[in-house]
Amino acid sequence: MSLGENIAAVRARINEAARRAGRDPAEITLVAATKVQTSQTIREAIAAGITVCGENRVQEMSAHLEDDAYAGARLHFIGHLQTNKVRQVVGRVDLLESVSSEKLLRAVDAQAGRLELVQDILLEVNIGGEESKSGITPQEVPELVKTCQELAHVRLRGLMAIPPAAAEPGENRKFFAEMYQLYVDIRDNLADNGTVIDCLSMGMSGDFEDAIAEGATLVRVGTALFGPRPPLHRGGTV
């Protein structure tokens, strides 16, 4: 199948998953995970209807920005971000989905302050408690939400998670359900302070339909759109 056909097929699956869940398909945004894709492929995806691109690696993102590859689409950063690379991301993306610690949150706020802007962010939650993954624990969410409220140059938009790899179909629904409850809790608690909590980013190529069933508003899809990722070059970007 062509890239355009893959995009159409994924959108059809999103629409059907939303209808099965009694949701409006317009509530769900497809984020094309463009990790290791070329600038030309990104342009082709946008021409075929992709409206949001998600990048994992700072160096790749910077190269694509120099190529103006994202023209016509919004840009999210969805990968692990080190504090020493905050300056390369803040102010260059529409949404930073992977704020995974208080230290990183404060670094993002400081850089946004230097640029005299407000950076939209999501807090990344390590919902499966995996040592190999970054993110705050569910128990840490309320305190970090309070910290977000105290900072002038970040705007909390919601939560993001990457649950453990599922061995069986549907295995991750419990994690998605836990994430939705966290999302609802912070949205309800922040209803009066002007913060717009409207993003719950969860679900990838293998499980985005389950994520939609449990309330996802953003799904990050790569392989189902672009096929298996090619190997990184030696000394590939991080």
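Conventions adopted
Throughout, residues of each chain are indexed from 1 in the direction in which the sequence is written. Local features in this predicted model are restricted to residues whose pLDDT is 70 or higher, and side-chain atom pairs enter the listing and the counts only when it is 80 or higher, whereas totals over whole chains, interfaces and linings include all residues. With hydrogens and water stripped out, all remaining heavy atoms of the structure feed into the side-chain values. Between any two strands, at least two bridges found by DSSP are needed for them to pair. A run of H or I in DSSP counts as a helix once it spans at least four residues, and a run of E counts as a strand once it spans at least two, with each numbered from the N terminus. Classification remark: right-handed applies to a crossover when, strands pointing away from the viewer, the course from the first strand over the helix to the second runs clockwise. Expected span of a helix: the number of residues minus one, times 1.5 Å. Residue exposure (1.4 Å probe, protein chains only): buried if accessible area is under 20% of the type maximum, exposed if over 50%, otherwise partly exposed. Arc, as used here, means the arc of the directions from the helix axis to the C-beta atoms. Any pair of residues with heavy atoms lying within 4.5 Å of one another is described as a contacting pair. Ring pairs are drawn from Phe, Tyr and Trp, using the six-membered ring of Trp, whenever the two centres fall within 6.5 Å, and their geometry is named by plane angle: stacked under 30 degrees, edge-to-face over 60, tilted for the rest. A pairing counts as a salt bridge when a side-chain nitrogen of Lys or Arg comes within 4 Å of a carboxyl oxygen of Asp or Glu. In this text, buried Ala, Val, Leu, Ile, Met, Phe, Trp, Tyr and Cys residues form a nonpolar core when linked through side-chain atoms within 4.5 Å. Scored between 0 and 100, pLDDT is the confidence that the predictor attaches to each residue. Here a polar contact is recorded for every N or O atom pair within 3.5 Å, except that within protein the pair must consist of a potential hydrogen donor and a potential acceptor, and residues adjacent in sequence are included only if both atoms are side-chain atoms.

*Asks:* Could you clarify how one ought to interpret the pairing of strand E3 (residues 74–77) in this entry?
*Replies:* Two faces belong to every sheet, and in a regular strand the side chains alternate between them. The sheet contact formed by strand E2 (residues 52–55) and E3 spans 4 bridges and is parallel. Bridge pairing links glutamate 55 to phenylalanine 77 in E3. Regarding topology, helix H3 (residues 58–66) serves as the crossover connection from E2 to the parallel E3, and that connection is right-handed. Relative to strand E4 (residues 95–99), E3 runs parallel, the two sharing 2 bridges. Within E4, the position partnered with phenylalanine 77 by the bridge is leucine 96.

*Asks:* Teacher, can you tell me more about helix H1 (residues 3–20) here?
*Replies:* Because an α-helix completes one turn every 3.6 residues, residues spaced three or four positions apart along the sequence face the same direction. For H1, spanning 18 residues, the distance from its first C-alpha to its last is 26 Å, which sits close to the expected 26 Å at 1.5 Å a residue. All of the buried residues in H1 are Leu3, Asn6, Ile7, Val10, Ile14, Ala17 and Ala18. When H1 is viewed along its axis, its buried side chains cluster within an angular range of 110° and face the same direction. Close packing links the buried residues of H1 with strand E1 (29–33), helix H2 (39–47), helix H7 (208–213), strand E8 (218–221) and helix H8 (223–226). Glycine 22, located one to two residues past H1, shows a positive phi value of around 70°.

*Asks:* Quick question: what am I supposed to make of the packing of aromatic side chains here?
*Replies:* A ring pair, where both rings are aromatic, is described by two values, the distance of the centres and the angle of the planes. What the rule picks out here adds up to 1 aromatic pair. Measuring from centroid to centroid gives 6.1 Å for tyrosine 180 and tyrosine 183, while their planes differ by 45°, and the two rings are tilted. Here tyrosine 180 pairs with tyrosine 183, and both are found in helix H6 (residues 173–189), just 3 residues apart, close to one helical turn. In this structure tyrosine 180 comes out as partly exposed when scored by relative accessible area, which is 33%.

*Asks:* Would you mind showing me how to read the pattern of salt bridges here?
*Replies:* Side chains that differ in charge, positive against negative, can pair when their charged atoms come close. The full count for this structure, using the stated rule, is 11 salt bridges. Across the pair arginine 20 and glutamate 16 runs a salt bridge whose closest N-O atoms are separated by 3.9 Å. Residue arginine 20 and its partner glutamate 16 are located together in helix H1, separated by 4 residues, close to a single helical turn. With a relative accessible area of 56%, arginine 20 lands in the exposed category.

*Asks:* In this structure, what is going on with the nonpolar core? I would like to understand it.
*Replies:* Most often, soluble globular proteins keep nonpolar side chains buried together rather than apart. Core analysis: the largest hydrophobic core is formed by 66 residues, its most contacted members being Ile121, Leu123 and Leu159. Residues contacting isoleucine 121, with those up to four places away along its chain left out, are Leu95, Leu96, Val99, Leu105, Val108, Cys148, Val154, Arg155, Leu156, Arg157 and Gly158. Judged by nonpolar contacts, the second largest core, of 7 residues, contains Val52, Leu95, Leu122 and Met160.

*Asks:* Sorry if this is basic, but what is going on with helix H5 (residues 141–150) here?
*Replies:* Where H5 is concerned, the buried positions are Val141, Leu144, Val145, Thr147 and Cys148. Seen from one end, H5 has its buried residues packed into an arc of 155°, which puts them on one side. When the buried face of H5 is taken as reference, the exposed residues oriented beyond 90 degrees from it are Glu143 and Glu150. Looking at the buried positions of H5, the neighbouring elements they touch are helix H4 (102–115), strand E5 (119–125), strand E6 (154–161) and H6.

*Asks:* Got a minute to help me understand the confidence of the model for the protein in this structure?
*Replies:* Detailed reading of the predicted coordinates is not advisable wherever pLDDT falls low. Residues of the protein with pLDDT of at least 70 account for 94%, and the chain-wide mean is 93. Here residues 233–238 scores under 50 on pLDDT; set against residues more than four positions off or in separate chains, the count is 8 contacts.

*Asks:* I tried to follow the side chain of threonine 41 on my own but got confused; where do I start?
*Replies:* Tracing the sequence through the fold places threonine 41 in helix H2. What threonine 41 contacts, discounting residues up to four positions off in sequence, is Leu3 and Phe226.

*Asks:* Mind showing me how you'd approach the side chain of aspartate 120 here?
*Replies:* In this structure, aspartate 120 sits in strand E5. Only 2.6 Å separates the side chain of aspartate 120 from the side chain of arginine 155, close enough to count as a polar contact. Among the polar contacts listed, one links the side chain of aspartate 120 to the side chain of arginine 157, at a separation of 2.9 Å. Ignoring sequence-local partners within four residues, the contact set of aspartate 120 consists of Asp94, Leu95, Leu96, Arg155 and Arg157.

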